[in-house]
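Observations on the model geometry
Below are the chains, spelled out letter by letter.
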Amino acid sequence: MLWSQMHGNESTGTKALFDLFNCFLNTNKEQLQTILDACTLVFIPMLNPDGAEVYTRVNGNNIDLNRDAVDRIAKESKLLRSVLEDFNPQFCFNLHDQRTIFNVENTKNPATISFLAPSEEVTRALTKGRKQTMNVILAMNAVLQKMIPNYIGRYTDEFYPTATGDNFQKLGYNTVLIESGHYPDDYVREVSREYTFYAILQGLYHIAITEDFSEYKDYFTIPNNAKDFYDIIHRYSGEKKDIAYQYKDQIVDGELVSTLVKVEESSLKGKIGHHEIVFES
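Report follows, based on the coordinates. (Residues numbered from 1 in each chain as written. Predicted model: local features only at pLDDT ≥ 70, side-chain atom pairs only at ≥ 80, totals over all residues. Heavy atoms only, no water.)

1. Brief notes about the pattern of salt bridges
We apply this condition: Should a side-chain nitrogen of Lys or Arg be within 4 Å of a carboxyl oxygen of Asp or Glu, the pair is scored as a salt bridge. Numbered from the N terminus, helices here are DSSP runs of H or I no shorter than four residues, and strands are runs of E no shorter than two. Here's how the labels work: a residue is buried when its accessible area is under 20% of the maximum for its type, exposed when over 50%, partly exposed in between, all with a 1.4 Å probe on protein chains only.
According to the stated counting rule, one finds 11 salt bridges in the structure shown. Two residues, Asp157 and Arg130, come together in a salt bridge whose shortest N-O distance is 3.4 Å. Linking Asp157 in the loop between β6 (152–154) and α6 (164–170) with Arg130 in helix α5 (residues 128–147), this pair joins segments that are 27 residues apart in sequence. Taken individually, Asp157 and Arg130 each receive the classification buried, so the pair is uniform in this respect.

Dropping the structure here:
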């Protein structure tokens, strides 16, 4: 079971799913047929259409669907849970976008794709379900490391008691989180869309051909995400402090507009700008 865009302003996974649909419809590759023969697939390509229309994280009633897994106040949350329980999937794919602030730990590479096998409770115990989820992630990571080595990170496994992935994993539905992130000069995320597609395709293929999902330990060799990036940094050679900026995206008069917003930061030591401008005194 795969769903995307539970946050309306995170559309990369949705685009990648339609790339997958196009492949299923228009090609007869053996790997694709293997998936269709072995798996029953259920897709919700856009869980939050109201948020997508106005480019907001929340839905039309100002509810963050990814923090509504327990209370299920939103209709969209009720629908997702209903489909989950009716279908009873062995694996779930929860598709999100992550901000441009993330890099692969100990590198200056943006985290173009990040994976997570969500925790089921605060101790982050390695349950059987989490290990199986990690096994699928390892297969996806192995493919992407050949394509964009050192641009793949591991999202924090801090337990969020009201989050969708954490609760679905806790309920026994193995849930792979894919976070589509930034790639150099790819603010429209067409590059990360491509690698999100490859990740999904490989994940499904691995599930289709695999009987034993017990191997998991190398999951912890995937570097953590770090938060060292800003979109733009102005560097000054004198005593003047460096200044960082982040893009803020919003709909204005029906158009998506990106505006640079200054970030209040006491020190930018060790931080990286996707673009840096140096001003000589």
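So that's the structure; there's more coming.
2. Points about the state of the cysteines
The cut-off we apply is this: Note on disulfides: each one is a pair of cysteine sulfur atoms within 2.5 Å.
Scanning the entire structure with this criterion turns up zero disulfides. You can see Cys39 has no disulfide; the closest cysteine sulfur is in Cys92, sitting 13 Å from it.

3. Re the pairing of strand β11 (residues 255–263)
Defined as follows: Strands were regarded as paired on the criterion that DSSP finds at least two bridges between them.
Judged from the nine bridges that link them, strand β10 (residues 243–252) and β11 form a sheet pairing that is antiparallel. Considered in β11, the bridge of Gln250 is made with Val257. Connecting β10 to the next strand, β11, in antiparallel fashion are two residues, including Asp253 with a positive phi near 50°.

4. Re a negative patch on the surface
Short version of the rule: The patches described consist of residues with a relative accessible area above 30% and no salt bridge, like charges being joined within 9 Å and nonpolar side chains (Val, Leu, Ile, Met, Phe, Trp, Tyr) within 5 Å. Surface exposure here means Shrake-Rupley accessible area, sampled with a 1.4 Å probe, where a residue is shielded only by the protein chains that are shown. The positive count covers Lys and Arg only, the negative count covers Asp and Glu only, and His and the chain ends enter neither. Where a charge lies is defined by one atom per residue type, namely NZ (Lys), CZ (Arg), CG (Asp) and CD (Glu).
Taken together, the side chains of Glu211, Asp212, Glu215 and Asp218 present a region of like negative charge at the surface. Among the structural elements, Asp212 can be located in the loop between α7 (190–209) and β8 (225–226). Exposure remark for Asp212: the relative accessible area of 55% places this residue in the exposed category.

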